[in-house]
Number of protein chains: 2
Amino acid sequence: MSGDEARDALVGLSPPADLGDPESCRERWARARWSVLAEPGDGIAGLAIRHLGAFGALESALRHDEPPGVLELSVRDWRRACARWRPRQDDHSYALERARRVGVRLIVPGDAAWPERADDLGIHAPVALWTRGVTDSLAMPGAAVALVGARAATAYGVQVAGELAGDLSASGVTIVSGAAVGIDAAAHRACLAVDGRTVAVLAGGVDTAYPSGHAGLLTAVSSRGAVVSEVPCGTAPTKWRFLQRNRLIAALSDATVVIEAGWRSGSLNTAGHASALGRALGAVPGPVTSAASSGCHRILREYDGRCITSADDVREMLGWSNDSACAAESARDGHTDDATRVLDALSTRTPRDVVEIARRSGVASEEVSAWLGLLSLDGRAVSGERGWRRAGR
Amino acid sequence: MSGDEARDALVGLSPPADLGDPESCRERWARARWSVLAEPGDGIAGLAIRHLGAFGALESALRHDEPPGVLELSVRDWRRACARWRPRQDDHSYALERARRVGVRLIVPGDAAWPERADDLGIHAPVALWTRGVTDSLAMPGAAVALVGARAATAYGVQVAGELAGDLSASGVTIVSGAAVGIDAAAHRACLAVDGRTVAVLAGGVDTAYPSGHAGLLTAVSSRGAVVSEVPCGTAPTKWRFLQRNRLIAALSDATVVIEAGWRSGSLNTAGHASALGRALGAVPGPVTSAASSGCHRILREYDGRCITSADDVREMLGWSNDSACAAESARDGHTDDATRVLDALSTRTPRDVVEIARRSGVASEEVSAWLGLLSLDGRAVSGERGWRRAGR
């Protein structure tokens, strides 16, 4: 693709006039534009936006064959990226028009509804989110847990998914999932049944139900929570977009729990993203004779996933103490007790160093050291030559 | 109990004349005597025997109210121990006589059949073993795996126990278990079905079947392997002896795998001993809705147990490569490839230091470092600031 074609791809840069404060509206509009041009997780778009702002990045992509020096990119990489940023059929104006028609809102960083967890993806973070429903529920100030699993779920998996989702959302946890058939749908439905908050992350535009049979489910989800996607209205899901959707599910959640998954299930992709992000990761075991649980057992063995048998195990993984009062409070204010986080990041058997404990607990290293000191004073943590362990058993 | 009674308890110290070499026969005889006088795992008896020899320890217990200085024991501890060493009704001469009658052999350290793994218990190691069957199979030069679990097993547990035991013993692994109803019996039976080697460790004397319904099973086990106990013929099992029996099952095995276990199952006691001994520990997951698997899930969560779904997982835990040729060879010569042991001691996610890897692999630290160097050269291991990880996934 030539520089000229790249330019053509980016014509019509003047944002609509009705967007309020010129600066922020330009950025908002430019992010909408980027969500049409760049595939989810495009690192070069993310890099350019980080350094130049969304509008500035668009201008650079439009005006310069050379990459802006601040990006430290080769001309080759830059041009290849510009070539990728070719508008799809369902292009920008269509996407915005369609969004207006079906009442889909555009959320960008800085909006009250923007889920800050997504920014942990760095340059791979979404540039914008298109959402239906109670948009503010996207911010998820309280705990959020991804419950995901196989489409080809068994009755066992569906039952466990429902029990976990219902119990967790009753304690104030937002349940994030992918609205797929099987485990995902069971998780969303169980939340709705207890009037809990749930968020469905789609690989295609939120204006189209995928699978189509889930139109009703998605409408129900949007009445209590949000249906969200990185791609604009009218965009079809693709293999790549499903994988990137999985990364977003993991990023939006404090913990990911896989309930049933085949040996090569897409849920292992979600699990991989969760562990790469340092998020808590768990899997529900099942009969070793059930292929539908083989992926979960893989997560336990190969991903150091936590063995999840109940909602309490998930709350423990979130760093909530088992004291339900505290759990309820955590649910309300969305904060869990750091001491408990640190304690839960300790193993009774494997010594761990502060860095590792900080990673597992999500508590800053210096605070971890302080908490370990206090925990060792009341005998709940012990330090040895190879690191810290949880006391007793 | 007074010193006099202690003496009475130890009269008749002259060993039978027909025991060959005076020195060794005295020791052998004294160990038989100790196995009558001291409960399994008696640390003070073990300490005395380590420092004074079995016969010397008997003499001291007989002759001195004061503990021999080398033992560094308080007079109180020593006298309390002497008080414990009171002969049971089923006393020494009866035990020896009965053993001769039913063809039970006495094995002591130094005998070809002595299982050296037991010595890892230190001063809590058995002083002697009473055994029925193919006594030499006790030495277990090849790999030995304990398969244990609930008496109240489900059809699922019995099926998995049978599959694991059959597959493992077909690849040359000796299966160690406790001959209890449920999982234990299923494991022994599956070994016998493939003409594999299996060892049953009893909490009472090997002359009496426990449970009595397993008389036939124990006879079958003794035809292909060994039935063994620390306590002499005519000794009834007690709660304490069951717990000590569990410690011996763990000690005699390179790895312990719990197949089904309730939340407070005795199998968790065996698992605890295995992990305290630094032996590999695994558990077979099951439905979280099954109480019979709750103990296994506890082992996965609280004991850092390995998730076992197949015999291959167990072989991998033993440090066998998945290459069956190598596995077969390992089965023959009883040695597993140190490089594989080290590799299997690495996690793809959690960095581990050399000490930890040595503990998990059972390979000496200095060798571990050497292997890690080689493994990193061909890219199978990577070292980071927090330790070594297994490469790729």
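Note that the coordinates shown come from a computational prediction; the quantities given were computed from them, not determined experimentally.

Often, the extent of an interface is quoted as the loss of accessible area upon association of its parts. Residues and elements named next belong to chain A. For chain A, the assigned domains read domain 1 (3–91), domain 2 (118–317) and domain 3 (320–390). A separation of 26 Å is found between the C-alpha centroids of domain 2 and domain 3. Area buried by domain 2 at its contact with domain 3 is led by Gly278, Arg315 and Glu316, which between them contribute 47% of it. Put simply, domain 2 and domain 3 have zero salt bridges between them. Viewed at the interface, domain 3 and domain 2 are joined by one residue pair in polar contact (both at pLDDT 80 or more). With three residues, helix 12 (residues 311–317) is the largest single contributor of residues to the side of domain 2 that touches domain 3.

Attention shifts here to the nonpolar core. Membership of the largest hydrophobic core comes to 68 residues, with the highest contact counts inside it found for Val176, Val201 and Ile299 of chain A together with Val176, Val201 and Ile299 of chain B. Of the residues forming this core, the biggest block, five residues, is contributed by helix 9 (residues 239–252) of chain A. Not counting residues up to four positions away in its chain, the partners in contact with Val176 of chain A are Met140, Ala144, Val145, Ala146, Leu147, Val199, Val201, Ile249 and Ser253 of chain A.

This part is about the environment of Glu316 of chain A. All names here are of chain A. Of note, Glu316 is situated in helix 12. C-alpha of Glu316 to C-alpha of Leu343: the two residues are 27 residues apart in sequence and 10.0 Å apart in space. Here Arg306 takes part through its side chain, which lies 3.0 Å from a polar atom of the side chain of Glu316.

Our focus in this paragraph is the environment of Ala250 of chain B. Residue and element names in this part refer to chain B. Summarising the element assignment, Ala250 is placed in helix 9 (residues 239–251). With a relative accessible area of 0%, Ala250 lands in the buried category. For Ala250 and Ala125, which are 125 residues apart along the polypeptide, the C-alpha to C-alpha distance reads 12 Å. Those residues within four positions of Ala250 in sequence are excluded, and the remaining contacts are Thr256, Thr270, His273, Ala274, Leu277 and Arg279.

This paragraph deals with the packing of helix 15 (residues 354–361) of chain A against helix 16 (residues 365–377) of chain A. Residue and element names in this part refer to chain A. At a minimum axis distance of 9 Å, the contact between helix 15 and helix 16 shows a crossing angle of 105°. Considering their axes alone, helix 15 and helix 16 lie roughly perpendicular with respect to each other. Contacts between helix 15 and helix 16 involve Val354, Ile357, Ala358 and Ser361 from the former and Ser365, Val368, Ser369 and Leu372 from the latter. In terms of residue class, the contact of helix 15 with helix 16 is made up of five nonpolar, three polar and no charged.

This part covers helix 3 (residues 43–63) of chain B. Residue and element names in this part refer to chain B. In this model, helix 3 (21 residues) spans only 20 Å end to end at C-alpha, well below the 30 Å of a helix rising 1.5 Å per residue. A bend of about 110° at Leu52 is the largest found in helix 3. Across the 21 residues that make up helix 3, a large majority, 16, are buried. Sitting at the head of helix 3, Asp42 places a side-chain oxygen 3.0 Å from the backbone nitrogen of Ile44.

Inspection of every chain in the model, using the stated rule, returns 38 salt bridges over all chains. Two residues, Arg301 of chain B and Asp313 of chain A, come together in a salt bridge whose shortest N-O distance is 3.1 Å. With Arg301 of chain B in helix 11 (residues 294–302) and Asp313 of chain A in helix 12, the pair connects residues from two separate chains. Here Arg301 of chain B matches Asp313 of chain A in class, with each residue buried. Arg390 of chain B is paired through a salt bridge with Asp344 of chain B; the nearest N and O atoms lie 3.1 Å apart. Of this pair, Arg390 of chain B sits in strand 11 (residues 387–390) while Asp344 of chain B sits in helix 14 (residues 338–344); the two residues are 46 residues apart in sequence, bridging distant segments of the chain.

Residue and element names in this part refer to chain A. Pro211 follows Tyr210 through a cis peptide bond whose omega is -5°. Positionally, Pro211 belongs in the loop between strand 5 (198–201) and helix 8 (215–224). We note that Met140 has phi near 45°; this positive angle belongs to a residue other than glycine. Inspection of the secondary structure puts Met140 in the loop between strand 2 (129–133) and strand 3 (144–148). Relative accessible area serves as the criterion here: at 2%, Met140 is assigned to the buried category. Phi is positive for Asp304, close to 55°, though the residue is something other than glycine. For Asp304, the location among the structural elements is in the loop between helix 11 (294–302) and strand 9 (306–307).

Moving on, we get to the confidence of the model for chain A. All names here are of chain A. The predicted model of chain A has a mean per-residue pLDDT of 87, with 88% of residues at 70 or higher. Segment residues 1–15: pLDDT under 50, and 31 contacts once partners within four positions in sequence are set aside and those in other chains are kept. When the criterion is pLDDT under 50, residues 324–335 qualifies, and its contacts beyond four places in sequence or with other chains add up to 15 contacts. In the predicted complex, the global pTM is 0.76; the interface-specific ipTM is 0.73.

Counting residues at the interface gives 34 residues for chain A and 34 residues for chain B. The junction of chain A with chain B conceals about 3000 Å² of combined surface from both sides, 51% of it contributed by carbon and sulfur atoms. Three residues, Arg301, Arg349 and Arg386 of chain A, lead the burial of chain A against chain B; their summed loss comes to 24% of the area buried on that side. Along the contact surface separating chain A from chain B lie four salt bridges. Broken down by secondary-structure element, the contributors of at least two residues to the side of chain A that touches chain B are helix 6 (155–170), helix 11, strand 9 and helix 15 of chain A. Within the side of chain A that touches chain B, the residues separate by chemical class into 12 nonpolar, nine polar and 13 charged.

Quick notes on the rules
- Residues numbered from 1 in each chain as written.
- Chains lettered and ligands numbered in written order.
- Predicted model: local features only at pLDDT ≥ 70, side-chain atom pairs only at ≥ 80, totals over all residues.
- Heavy atoms only, no water.
- Domains from an automatic or database assignment.
- Buried area = accessible area lost by both parts, 1.4 Å probe.
- Salt bridge = Lys/Arg side-chain N within 4 Å of Asp/Glu carboxyl O.
- Polar contact = N/O pair within 3.5 Å; in protein donor to acceptor, adjacent residues only side chain to side chain.
- Helix = DSSP H or I, 4+ residues; strand = E, 2+ residues; numbered from the N terminus.
- Core = buried A, V, L, I, M, F, W, Y, C linked by side-chain atoms within 4.5 Å.
- Buried < 20%, exposed > 50% of the residue type's maximum accessible area, 1.4 Å probe, protein only.
- Contact = heavy atoms within 4.5 Å.
- Axes fitted to C-alpha atoms, helices over the stretch in contact; angles between N-to-C directions.
- Parallel < 35°, antiparallel > 145°, perpendicular 65-115°, else oblique.
- Nonpolar A, V, L, I, M, F, W, Y, C, P; charged D, E, K, R; others polar.
- Expected span 1.5 Å × (residues − 1).
- Bend = angle between axes of the 7 residues up to and from the residue.
- pLDDT = per-residue confidence, 0-100.

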